[in-house]
Structure formats: C-alpha cells, structure tokens
Amino acid sequence: MVETAGGGPGDGTAEVLDRPLPDGVRRRVVQIVSDGFGGLTVAELPAQLRQYARFAPNRRAKFAGNAMAAALETDPLFRQRIGEKFREAQPELSGALDSGSPPPAADPLDVAAAAYVLRPAGWVKLVTAAGEEAQRADAERADEESRAELERLRAELAQAREQTRAETERLRVELESARKEAESLHRKLRAALSDVKRGEAALRKAQGEMDAMRTEAQTQVSAAESESRRLKARLGEAEAALEATRRAAREGRSVEDMRVRLLLDTLLDATQGLRRELALPPVSVRPAETVDAVEPGRMTPKDIAARALSENDPAILDQLLALPQAHLVVDGYNVTKTGYPQMPLEKQRLRLLGQLSALAAQTGAEVTCVFDGAELAAPVLLAPPRGVRVLFSKPGVTADELIRQLVRAEPPGRPVIVASTDREVADGVARAGARPVASAVLLKRLS
C-alpha cells in the first residue's frame, strides 16, 4: 500500500488547490466517500458524520454530501481511510495514479476525483485538467444543444410557413364560397320580395272575403238569437211543469214519512213497556271494568315492604327468580372464592353446583353457571346436576366475556339475573339489560 498521509518526498499532500473543486469532480468525490463510508466503524468516522452511519449509500450522498466533502478536506486521517477503501475497490486506477501515469481511456472526472482523495504527486494538475475538460465538454454540449435547437426552430419556421400558406389558401376558398353564397342569398331575397308582393295581394283578397263572411255571420247571429229566445220560452214552460211535478212528489212522500214515524213510536212504547214488566236494572258494569289490572292506590303492605328491601337482602333474589321465564347466570369462581376460597377448585365447583341445583328445583328458573376455563390443562370431567347448565370458557376467552355473550344472546325483555361481585361484569351486563346481583346475596340465599 502507498503511504498517502506521511508528507514525505514525492507526496502530494502539500499541494493546494487554488480554485473551487469542479462540480463534476465534487460529485464523484462525494460518491467515493459514500461508497467507502459503509466499510468504516462509527469510531473511525468524524464526529459530524456519525449521524449518517446508518444511511443507505444513495441517501447518504444526497443528505450528507456537503458534510462528507468538508470532512474529507479538513480531516487527513478520514481522507486516508477513505483512500484505503478506494484502493481496495479500484486497485488498477489507484496504482496508475501512484505511478504518475493515469489510464488514457479513463474518465477525466473519475481520475480527478481519485486523485483528490488519494493525493498523489501532481493531483492538483489532474483536478484542474479535469475541470477544464469538463468545461470544454459542457461548452461542446451547449454548442451541440444550440445547433440542435436552431435546427428545430428552422424546422418549426418552415412548418409554420407551410401552415400559413395552407391557411391562406383555405381562407381564399372560403371567401370565394362566401361570395357565391351571398349572390345566392341576393337572388333568394329578390324572389322573397316577389312572394311578399303576391302575399299582400292575396291578403287584400282574403280581407274582402272576410268582410263578406262577417256580414253573413251577423245575419246568422240574428237568426240564432231569435231561435234562442224561442227556446228560452219553451224552457220556462218545461221548468214550470217540473216544479208542479216535484210538488206532487213531496206531498206523496210526506204521507209515507208519517206512516214510518208512527211505526217507530209504536216500537219504542212497546220496548219501554217490556223493560218495566221485566224490571231490568240499569247497567252498572262497563266493559273496561272487566279487564284485570292494578289501579292507583291499591298497593298492599307486602308490595310496599318489597320496595324497601336492601340490596344485600336475599329476598330480592327470590323476587327476581319468581318473574316469568327468569334466567340466573352465575359467575362460578367469583361466587366460590367469595364464599369458601380455602377449598380446592374441584370441591368449590361441586358445592356450588349442588346448591344451584336445589335453588333451580325450588324456583323453577333457568340456571347457568360459568367457570373460567383458560387455565385448565385438560377438559373437566363433570356431570352437571339436574336443572343447572355448566359452561367453561374457551382458551383465550374469559368467563366475564362468556357471561356478556350469554346476556346478549337473550331476547330483550326477558328477566336475566347475573350473580357476580366483579364491577366490570356488573356494569357490562347492566348496560345489556340484565340485573346484576352481588355474589354475597346469592351465597346468603343458598345458605
């Protein structure tokens, strides 16, 4: 490896670039630093570049280009490390620069960028030459673009001239067509004027005929008025005959009305006589009074006492279970751990289920007991007692969620009672329409 940071004879580190780094060379230098950046540890990086250590090469070159260029210029050790990575990646170009004979076919910008990083003897000349070469290339490219633009403008001008000629010819044709159409319109206008004159003559003739018809119509109107007066006289005679007919009909109908009224009075008198003979009492009971319901102010002392029961009174549970089609849902482990937590779980289950079976037999209510099955290693071998449905929650589902599912499955309006001390369960089932009861109340009722 050729030493580049020692400052010995033949070393180019003492050379100084007296002009700004050409843009093309600078972009190649930033790319060389970005490529070698990933092979260095965070400790080997300058402090201002460590924040870009995890960036991808393209993103690093985009956002940290200025910082990497500044660090390469001011930090010889960092430049030496980047140079070593470049020598590993480009050994042929690095060797050619160290020997002072860069490859003739190589891109001048690549050669200048490598020389700027490696700093061999005469690197300033290489960078300057690359900048001049880039300027010449830019000038040639701009000249080529100018010539291409000039050719394009010439072609557009020729096309515009051709379009102008075609448009002029089209307008000339349209003008000729418009002239012919104007002549045709003039001929049509003269023909129309002749038609108007003929129409005026026809109109005068029609007006004469109309005057004659008006005179004839007036004569006919006079004759019609005479006929109308004659018909009105006949209509008066017909109306007088009709009125006489109506008068005779009204007299006949009055006799019939009198006969019907007499028959109705006879029926009413007979009905009143029959009611007196049978001694029928007046009606005292109305149909609405036969419907069974609770009237206001008719509550019994028992009802008033039931309203004053405490929340912890087991009688409340009896009243709820006495409702039609009542369904009692029990949070099993919540009740057993409240009443007898010192017993094993198996005995807790057996004791609670036996008591619930007796309660179901006494009240006739539907009873469902829910246990948490999330921690069970295997299914529980259990024969449910008569009148009690026993459910274990599935893996991943808590007993509280299973209770809420049971409540939501019931139809609205059915009395559902949930025995649990868990406040979250009580609030959830209450929102769903169920009646929560504390576990202690159920234990008092069972004992």
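Rules behind the numbers
Residues numbered from 1 in each chain as written. Predicted model: local features only at pLDDT ≥ 70, side-chain atom pairs only at ≥ 80, totals over all residues. Heavy atoms only, no water. Helix = DSSP H or I, 4+ residues; strand = E, 2+ residues; numbered from the N terminus. Buried < 20%, exposed > 50% of the residue type's maximum accessible area, 1.4 Å probe, protein only. Contact = heavy atoms within 4.5 Å. Areas by Shrake-Rupley, 256 points an atom, 1.4 Å probe, with all protein chains shown as cover. Pairing = 2+ DSSP bridges. Lys, Arg positive; Asp, Glu negative; His and termini not counted. Salt bridge = Lys/Arg side-chain N within 4 Å of Asp/Glu carboxyl O. Core = buried A, V, L, I, M, F, W, Y, C linked by side-chain atoms within 4.5 Å. Phe/Tyr/Trp six-rings, centres within 6.5 Å; stacked < 30°, edge-to-face > 60°. Arc of directions from axis to C-beta.

Caption draft 1: Looking closely at the overall build of the protein chain. When helices and strands are tallied, the protein chain shows 14 helices and five strands. For the protein chain, with 447 residues in total, the buried portion stands at 25%. In the protein chain, of all internal contacts separated by at least 6 residues, the share reaching a separation of at least 24 is 59%. Of the accessible surface of the protein chain, which amounts to about 30800 Å², a share of 56% is contributed by carbon and sulfur atoms.

Caption draft 2: The arrangement of the pairing of strand β4 (residues 416-419) in detail. Side chains V416 and V418 of β4 all project onto a buried face; the interleaved residues I417 and A419 project onto the opposite face, where all are buried too. As judged from the four bridges shared by strand β1 (residues 327-331) and β4, these two strands associate in the parallel manner. The residue of β4 that forms the bridge with H327 is V416.

Caption draft 3: The arrangement of the pairing of β1 in detail. Burial runs high along β1: five of the five residues are buried. Side-chain alternation along β1 places H327, V329 and D331 on one buried face and L328 and V330 on a second face that is also buried. Pairing between β1 and strand β2 (residues 366-371): five bridges, direction parallel. Following the sheet pairing, V330 is matched in β2 by C369.

Caption draft 4: Expanded view of unusual backbone geometry. Look at Q325: it is not a glycine, yet its phi comes out positive at around 60°. Relative to the helices and strands, Q325 is located in the loop between α9 (314-321) and β1.

Caption draft 5: Just the side chain of R349, in detail. Along the chain, R349 turns up in helix α11 (residues 345-363). E346 provides the closest opposite charge to the buried, unpaired R349, separated from it by 5.5 Å. Those residues in contact with R349 that sit more than four places away from it in its chain are Y333, F371, V380 and F392.

Caption draft 6: Layout of the nonpolar core. Residues V29, L72, F78 and I82 are the most contacted members of the largest nonpolar core, which totals 31 residues. Those elements that provide at least two residues to this core are α1 (23-37), α3 (65-74), α4 (76-89), α5 (91-98), α6 (108-118) and α7 (123-278). Among the elements that line this core, the one with the most residues is α6, at nine residues. Aside from chain neighbours lying at most four places away, what touches F78 is V33, L40, E44, L45, P46, L49, M68, A71 and L72. Core analysis: the second largest hydrophobic core is formed by 28 residues, L320, L353, V390 and L443 among them.

Caption draft 7: Representation of the pattern of salt bridges. This model, assessed by the stated rule, comprises 19 salt bridges. The closest approach of N and O atoms between R230 and E227, which form a salt bridge, is 2.0 Å. One end of the pair, R230, and the other, E227, are both in helix α7, three residues apart, so they sit about a helical turn from each other. The exposure class of R230 is partly exposed, given its relative accessible area of 40%.

Caption draft 8: Focus on the packing of aromatic side chains. Within this structure, the stated rule accounts for two aromatic pairs. Ring geometry for Y333 against F371: centres 4.9 Å apart, planes inclined by 55°, an arrangement best described as tilted. In this pair, Y333 sits in helix α10 (residues 332-339) while F371 sits in strand β2, placing the two residues 38 residues apart along the sequence. By relative accessible area, which is 0% here, F371 ends up buried. Among the aromatic side chains, those forming a connected cluster through ring pairs are Y333, F371 and F392.

Caption draft 9: Region of interest: α5. Residues L93, S94, A96 and L97 constitute the buried set of α5. Each buried residue of α5 sits inside an arc of 160° when the element is viewed along its axis, so together they form one side. Facing away from the buried surface of α5 by more than 90 degrees, the exposed residues are P91 and E92.

Everything listed is a geometric property; what it means functionally is a separate question.
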